[in-house]
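Understanding the architecture of this molecule
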Amino acid sequence: MRCWSQLVGTVVYAFEQLRVEGYIESIVGSGSYVARNLPDEFFRTGITTAGLTGVTRVMRSALSKQVRKILASRLLPTPPRQKGNAFRAYEPAVDAFPTALGGRLSGRRMRQASVRALAEGDVRGYKPLRTAVAAYLGAFRGVRCVEDQIFVVSGTQHALDLISRTTIDPGDTVWMENPGYGGASCVLEAAQARVRPLPVDCCGLVLPSKGLQRARPKLVYLTPAHQFPTGVIMSLERRLEWLAYAGRSGCMIFEDDYDGEYRFRGKPLPTLQGLDKAGSVIYACSFSKLLFPTLRLGILIVPQNLVDGVVALRTIADRYAPYLEQAVLCDFFTEGHFGHHIRCMRELYAERLSVLLESSRQYLSGLLDVQTTEAGLQTLGWLCDGIFDVAASQAAARRGVEVIPVSYFASTPLVKQGLVLGFASAKPGALRSGVERLASALAELA
Ligand SMILES: Cc1ncc(COP(=O)(O)O)c(C=O)c1O
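Residues numbered from 1 in each chain as written. Predicted model: local features only at pLDDT ≥ 70, side-chain atom pairs only at ≥ 80, totals over all residues. Heavy atoms only, no water.

Moving on, we get to the nonpolar core. Soluble, globular proteins show a tendency: their nonpolar side chains are buried together. One finds Phe-87, Phe-287 and Leu-438 to be the most contacted residues of the largest nonpolar core, which totals 65 residues. Per-element tally for this core: the top contributor is helix H15 (residues 337–363), with 8 residues. Filtering out sequence-adjacent residues up to four positions away, Phe-87 remains in contact with Leu-356, Val-401, Glu-402, Val-403, Val-420, Leu-421, Gly-422, Leu-431, Gly-434, Val-435 and Leu-438. By size, the runner-up hydrophobic cluster in this structure holds 29 residues, among which are Ala-159, Ile-282, Leu-300 and Val-310. (Core = buried A, V, L, I, M, F, W, Y, C linked by side-chain atoms within 4.5 Å. Buried < 20%, exposed > 50% of the residue type's maximum accessible area, 1.4 Å probe, protein only. Helix = DSSP H or I, 4+ residues; strand = E, 2+ residues; numbered from the N terminus. Contact = heavy atoms within 4.5 Å.)

Looking now at the state of the cysteines. Every disulfide links exactly two cysteines, by a covalent bond between their sulfur atoms. Enumeration over the complete set of coordinates arrives at 0 disulfides. Summary of cysteine pairing: Cys-202 is not part of a disulfide, and the nearest cysteine sulfur, belonging to Cys-203, is at 4.1 Å. Using a relative accessible area of 66% as the deciding quantity, one classes Cys-202 as exposed. Of the cysteine sulfurs around Cys-330, a residue in no disulfide, the closest is that of Cys-285, at 15 Å. Using a relative accessible area of 3% as the deciding quantity, one classes Cys-330 as buried. (Disulfide = S-S within 2.5 Å.)

As a further point, take the domain arrangement of the chain. In many analyses, interface size is given as the accessible surface area lost on bringing the parts together. According to the domain assignment, the chain consists of domain 1 (8–43), domain 2 (101–337) and domain 3 (340–445). Buried area between domain 2 and domain 3, both sides added, is near 2,200 Å², and the carbon and sulfur share of it is 60%. Contact with domain 3 buries surface across domain 2, with Pro-229, Tyr-262 and Phe-264 losing the most and accounting together for 31% of the total. If you look at where domain 2 meets domain 3, you find 3 salt bridges. Our count for the domain 2 to domain 3 interface comes out at 14 residue pairs in polar contact (both at pLDDT 80 or more). For the side of domain 2 that touches domain 3, the per-class residue count stands at 13 nonpolar, 8 polar and 5 charged. (Domains from an automatic or database assignment. Buried area = accessible area lost by both parts, 1.4 Å probe. Salt bridge = Lys/Arg side-chain N within 4 Å of Asp/Glu carboxyl O. Polar contact = N/O pair within 3.5 Å; in protein donor to acceptor, adjacent residues only side chain to side chain. Nonpolar A, V, L, I, M, F, W, Y, C, P; charged D, E, K, R; others polar.)

Attention now moves to the packing of helix H16 (residues 389–398) against helix H17 (residues 428–445). At a closest axis distance of 9 Å, the pairing of H16 and H17 adopts a crossing angle of 130°. It follows from the interaxial angle that H16 and H17 lie oblique. Both H16 and H17 take part in a crossing whose hand is right-handed. Two secondary-structure elements touch here, H16 through Ala-391, Ala-392, Ala-395, Ala-396 and Arg-398 and H17 through Leu-438, Ala-441, Leu-442, Glu-444 and Leu-445. Its residues assigned to classes, the contact of H16 with H17 shows 8 nonpolar, no polar and 2 charged. (Axes fitted to C-alpha atoms, helices over the stretch in contact; angles between N-to-C directions. Parallel < 35°, antiparallel > 145°, perpendicular 65-115°, else oblique. Left-handed = near helix turned anticlockwise from the far one by under 90°.)

For the rest of this paragraph, the subject is the side chain of Arg-263. The topology assignment puts Arg-263 in the loop between strand E8 (252–256) and helix H11 (272–275). Polar side-chain contacts of Arg-263 include one of 3.2 Å to the backbone oxygen of Arg-265. Setting aside residues no more than four positions away along its own chain, Arg-263 makes contact with Ile-233, Pro-268, Leu-269, Arg-346, Glu-374 and Ala-375.

Written out as structure tokens, the structure is:
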């Protein structure tokens, strides 16, 4: 009797399972039948190319004009990583990150997490982290703010996206460095800003003539600590000129402090934000370059009048940054690991830069004039007359060397042709071999 009831139970269970998976349909008072539309039809694999084209066509028409414009823009494709990694421009020495320490801090934070920490986030970010960041940036970079003005975001790109959506209406003018960081102009163009390139000289972004100044931009994008990609450090005089202009015209300045902590001589320079008295500067920095890129954490500091707007936008988008990463980063600051790591990286990068300069003198003279730099993760090399930067970067790629043509970051033709060389992420041996391979690639073109 027990066996029989077990068997009935199994059959009933099997029918129920077939029903929830959609293989049979049950009609009350009639019975169970094989479903008219079997689920396997929807799970078919091996879609043909013809099928895919149809799907792609439908999806394309679903895209907004704005997104289609972004797809057509010159977003920088990240080339596949090469062995040895010379001269990847955007990367810090990720292999020098103390992962064992990170693991210990994460484990401790997870074990000790309160119910409140797991259930509730703050749209501005984890408060103890904001307190620690405010203290650090105040002491080392002269940033002046209260915690309410700080947002923990996923990086500079996210910060700029939030700011462009908070401040820009379609058709508003934005002034942009030329050459300049393509990732920034893409975000601004996606917000339907009219991005106007301005030249960069040896003191930083040049203020336009009085006549053009009347065009009044809504926003000016600047990398004053270490202009990307030229490496120019904005002079104090130029900083004050820009701040005075912003105060007069009412425009905002977006200060992208992407690698300002890495200064090899003297102390890191004070930020524009710290010099600003009119509340015109929006400040952003990123842990992508300070720790490692996939951490996806950064800091955005906004003037008081933008706080509510950013809070509102953030609330309807991703709400807030993840708790665990923020809590561990907070421990990095409060226990002194962050300061220690930055000091070690400054030394490491200064050493790698000198290896690059030394082997460039040995192998690249007459082909590429590699510039020294006082800060950052990358430098510039000017090509000798007759070698074009795109051709040079392609020839280098054929030899497994990654260099980015400067013209890639320019929206008007440049007087000189050059290459961007990252020196932070490659070990000395890889840098030396990269220089030798680059030399033979350029010799072929000269
Ligand atoms: C000048 C500059 N700004 C901003 C970014 C974006 O950084 P994040 O990873 O924080 O979005 C980069 C990335 O390489 C950069 O080179």
